[in-house]
Amino acid sequence: MTEEKIARINALAKKAKAEGLTADEQAEQQALRAAYIAGFRASLKAQLDNTVVLNPDGTSYRLKQKKGGH
């Protein structure tokens, strides 16, 4: 997500608190938030996919996604 989009999310949130949003602005805000959350989840998943757990005995293993997970 670009800095411009994050700035727009913040601007819309500030405007919503101050004076309210139009229907178009609400739709834009929801779309931007959904894109932000999707990017955050993808980044977190990539980080967890590359995480290695080291045991005290020196062995290691990669984290695995639970069945039924997203």
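Residues numbered from 1 in each chain as written. Predicted model: local features only at pLDDT ≥ 70, side-chain atom pairs only at ≥ 80, totals over all residues. Heavy atoms only, no water.

Side note on the overall build of the protein chain
Just so we agree on the cut-off: Strands here mean DSSP runs of E at least two residues long; helices mean DSSP runs of H or I at least four residues long; both are numbered from the N terminus. With C-alpha atoms as the basis for the radius of gyration, the globule rule is written as 2.2 Å multiplied by the number of residues raised to the power 0.38. Buried residues are those whose accessible area, probed at 1.4 Å on protein chains only, stays under 20% of the maximum for their type, while exposed residues exceed 50% and partly exposed ones sit between those limits. For this analysis, residues touch if any pair of their heavy atoms sits within 4.5 Å. Computed by Shrake-Rupley with a 1.4 Å probe, the accessible areas treat only the displayed protein chains as cover when residues are assessed.
Counting its secondary structure elements, the protein chain contains two helices and two strands. Tracing the protein chain from N to C terminus, the helices and strands come up as α-α-β-β. Relative to a compact globule of 70 residues, whose C-alpha radius of gyration would be 11 Å, the protein chain shows 19 Å and is clearly more extended. With respect to the principal axes defined by its C-alpha atoms, the protein chain has extents near 60 × 25 × 20 Å. By the burial criterion, 9% of the 70 residues in the protein chain qualify as buried. Of the contacts formed within the protein chain by residues at least 6 apart in sequence, a portion of 22% connects residues at least 24 apart. Carbon together with sulfur atoms contributes 55% to the accessible area of the protein chain, which is approximately 6100 Å² in total.

What about a nonpolar patch on the surface?
As a reminder, the rule being used: Nonpolar side chains (Val, Leu, Ile, Met, Phe, Trp, Tyr) within 5 Å and like charges within 9 Å form the patches, drawn only from residues with over 30% relative accessible area and no salt bridge. One side-chain nitrogen of Lys or Arg within 4 Å of one carboxyl oxygen of Asp or Glu is enough to make a salt bridge.
Together, Met-1, Tyr-36, Ile-37, Phe-40, Leu-44, Leu-48, Tyr-61 and Leu-63 make up an exposed nonpolar region whose accessible area comes to about 750 Å². Per-element accounting of the nonpolar patch gives the leading share, five residues, to helix α2 (residues 23–49). Looking at the element boundaries, Met-1 is found in the segment before α1 (3–18). On the basis of relative accessibility, which here comes to 45%, the residue Met-1 falls in the partly exposed class.

What to know about the environment of Glu-28
Here Glu-28 shows up in helix α2. In this structure, the C-alpha to C-alpha distance between Glu-28 and Leu-12, residues 16 residues apart in sequence, is 8.8 Å. Leaving out residues up to four positions away in the same chain, Glu-28 has contacts with Arg-8 and Leu-12.

Description of α2
Here is the rule we go by: Here, expected helix span is obtained from the residue count minus one, scaled by 1.5 Å.
Between its first and last C-alpha atoms α2 spans 39 Å; for 27 residues at 1.5 Å apiece the expected length is 39 Å, and the two agree. Against the buried residues of α2 lie α1.

Brief notes about the pattern of salt bridges
As a working rule, side chains carrying opposite charge can pair if their charged atoms are close by. The tally for this structure, following the rule as stated, stands at three salt bridges. Taking the shortest distance from any N to any O, the salt bridge between Arg-8 and Glu-28 comes out at 3.0 Å. Here Glu-28 lies in helix α2 and Arg-8 lies in helix α1, a separation of 20 residues in the sequence. Take Arg-8: its relative accessible area is 33%, and that puts it in the partly exposed class. Of the residues examined, Glu-28 reaches a relative accessible area of 31% and is grouped as partly exposed. Across the pair Asp-49 and Lys-45 runs a salt bridge, and its minimum N-O distance is 2.9 Å. Placement of both Asp-49 and Lys-45 in helix α2 is noted, with a separation of four residues, approximately one turn of the helix. Among the residues examined, Asp-49 registers a relative accessible area of 40% and is labelled partly exposed. For Lys-45, a relative accessible area of 40% translates into the label partly exposed.

Everything listed is a geometric property; what it means functionally is a separate question.
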